[in-house]
Amino acid sequence: MRASPESQPAEASLVTAYFHRVRRAEVKLREGQRPPPRQEVRRPAHAARMLALAHHVEAAIGQGRLKSAADMACQLGFTRARMTHLLDLLLLAPDIQEDVLFLEAVDGQEPLSERVLRAIAHAGAWEVQRERWRDVRASF
């Protein structure tokens, strides 16, 4: 027994289209050219923001606006240990701090972690810090 032509599967064809979703609305089919590629998103790196915060805290204490780093920790909702971690970044050599302040995260990818930066800060003398910074800097 043969199957009738109506019961035969239709021939497959390829359809090319671009889909665009608008704020949880239904998916709409658009005709025409592909949308331009999304530009990369750049923002200051997390380590750069934390170093800037450390400078801000140090300046506020120096100007007498705060009694101690513990007061700032309380205001920011940080622990004292976390505030110590931030202030440890100020131990970095000035040229390393400058490099860190210009670091950028591209599309959410951080160039280095704050933990790595604190390890460099705890290296001791600025020359040792600079050697370690060169090694880390070469990796990104």
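Before any of the text, the structure's been laid out above.
Residues numbered from 1 in each chain as written. Predicted model: local features only at pLDDT ≥ 70, side-chain atom pairs only at ≥ 80, totals over all residues. Heavy atoms only, no water.

**Structural notes on the overall build of the protein**
Going by this rule: Each helix is a run of DSSP H or I of at least 4 residues and each strand a run of E of at least 2, with the numbering of both proceeding from the N terminus. We call a residue buried when its accessible area falls under 20% of the maximum for its residue type, exposed when it is over 50%, and partly exposed in between, using a 1.4 Å probe and counting protein chains only. Computed with the Shrake-Rupley method and a 1.4 Å probe, the accessible areas treat only the protein chains shown as cover for residues.
A count of helical and extended segments in the protein gives six helices and four strands. Put simply, the protein runs from its N terminus to its C terminus through helices and strands in the order β-β-β-α-α-α-α-β-α-α. Going through the 140 residues of the protein one by one, you find that 25% of them count as buried. Counting every atom, the protein has about 10800 Å² of accessible surface; 53% of that belongs to carbon and sulfur.

**Remarks on unusual backbone geometry**
One non-glycine residue with positive phi stands out, namely D107, at about 50°. With respect to the secondary-structure elements, D107 resides in the loop between strand 4 (104–106) and helix 5 (114–121). Among the residues examined, D107 registers a relative accessible area of 37% and is labelled partly exposed.

**Focus: the packing of aromatic side chains**
Counted only if it meets this: We call Phe, Tyr and Trp rings a pair once their centres come within 6.5 Å, taking the six-membered ring for Trp, and we label the pair stacked below 30 degrees between planes, edge-to-face above 60, and tilted otherwise.
Enumeration over the complete set of coordinates arrives at one aromatic pair. Taken together, a centroid distance of 6.3 Å and an interplanar angle of 70° make the contact between W133 and F140 edge-to-face. On the basis of relative accessibility, which here comes to 38%, the residue F140 falls in the partly exposed class.

**Focus: the packing of helix 3 (residues 80–88) against helix 5**
Rules: For helices, the fitted axis covers only the stretch in contact; all axes are lines through C-alpha atoms, and the angles between them, taken along N-to-C directions, range from 0 to 180 degrees. Crossing handedness: left-handed means the near helix sits turned counterclockwise from the far one by under a right angle, and right-handed means the same turn made clockwise. Throughout, a residue-residue contact means that at least one pair of heavy atoms, one from each residue, lies within 4.5 Å. For this scheme, ten residues count as nonpolar: Ala, Val, Leu, Ile, Met, Phe, Trp, Tyr, Cys and Pro. Four count as charged, namely Asp, Glu, Lys and Arg, and the remainder, Gly too, count as polar.
Look at helix 3 against helix 5: their axes get within 9 Å of each other, and the N-to-C directions meet at 65°. As helix 3 packs across helix 5, the resulting crossing turns out to be left-handed. Counted together, R82, H85, L86 and D88 of helix 3 and E114, R118 and A121 of helix 5 form the full contact between these two elements. For the contact of helix 3 with helix 5, the per-class residue count stands at two nonpolar, one polar and four charged.

**Points about the pattern of salt bridges**
Note the threshold: Take a side-chain nitrogen of Lys or Arg and a carboxyl oxygen of Asp or Glu: if they are within 4 Å of each other, that pair is a salt bridge.
Enumeration according to the criterion identifies eight salt bridges in this entry. Its salt-bridge partner being E40, residue R42 comes within 2.9 Å of it at the nearest N-O pair. E40 gets classed as partly exposed once you look at its relative accessible area, which sits at 44%. Taking the shortest distance from any N to any O, the salt bridge between E104 and R42 comes out at 2.6 Å. Placement of the pair is E104 in strand 4 and R42 in strand 3 (residues 42–44), with a sequence separation of 62 residues. Note on R42: relative accessible area 46%, which makes it partly exposed. Look at the salt bridges and you will find they share partners, linking E40, R42 and E104 into a network.

**Examining the packing of helix 1 (residues 46–62) against helix 4 (residues 94–101)**
The cut-off we apply is this: Angles are sorted into four bins: roughly parallel if under 35 degrees, roughly antiparallel if over 145, roughly perpendicular if 65 to 115, and oblique for all others.
Relative orientation of the contacting elements helix 1 and helix 4 amounts to 125°, with a least axis distance of 8 Å. The orientation of helix 1 with respect to helix 4, classified from their angle, is oblique. Across the interface between the two elements, A47, A48, L51, A52 and H55 from helix 1 touch Q97, V100 and L101 from helix 4. When grouped by side-chain class, the residues that make up the contact of helix 1 with helix 4 number six nonpolar, two polar and no charged.

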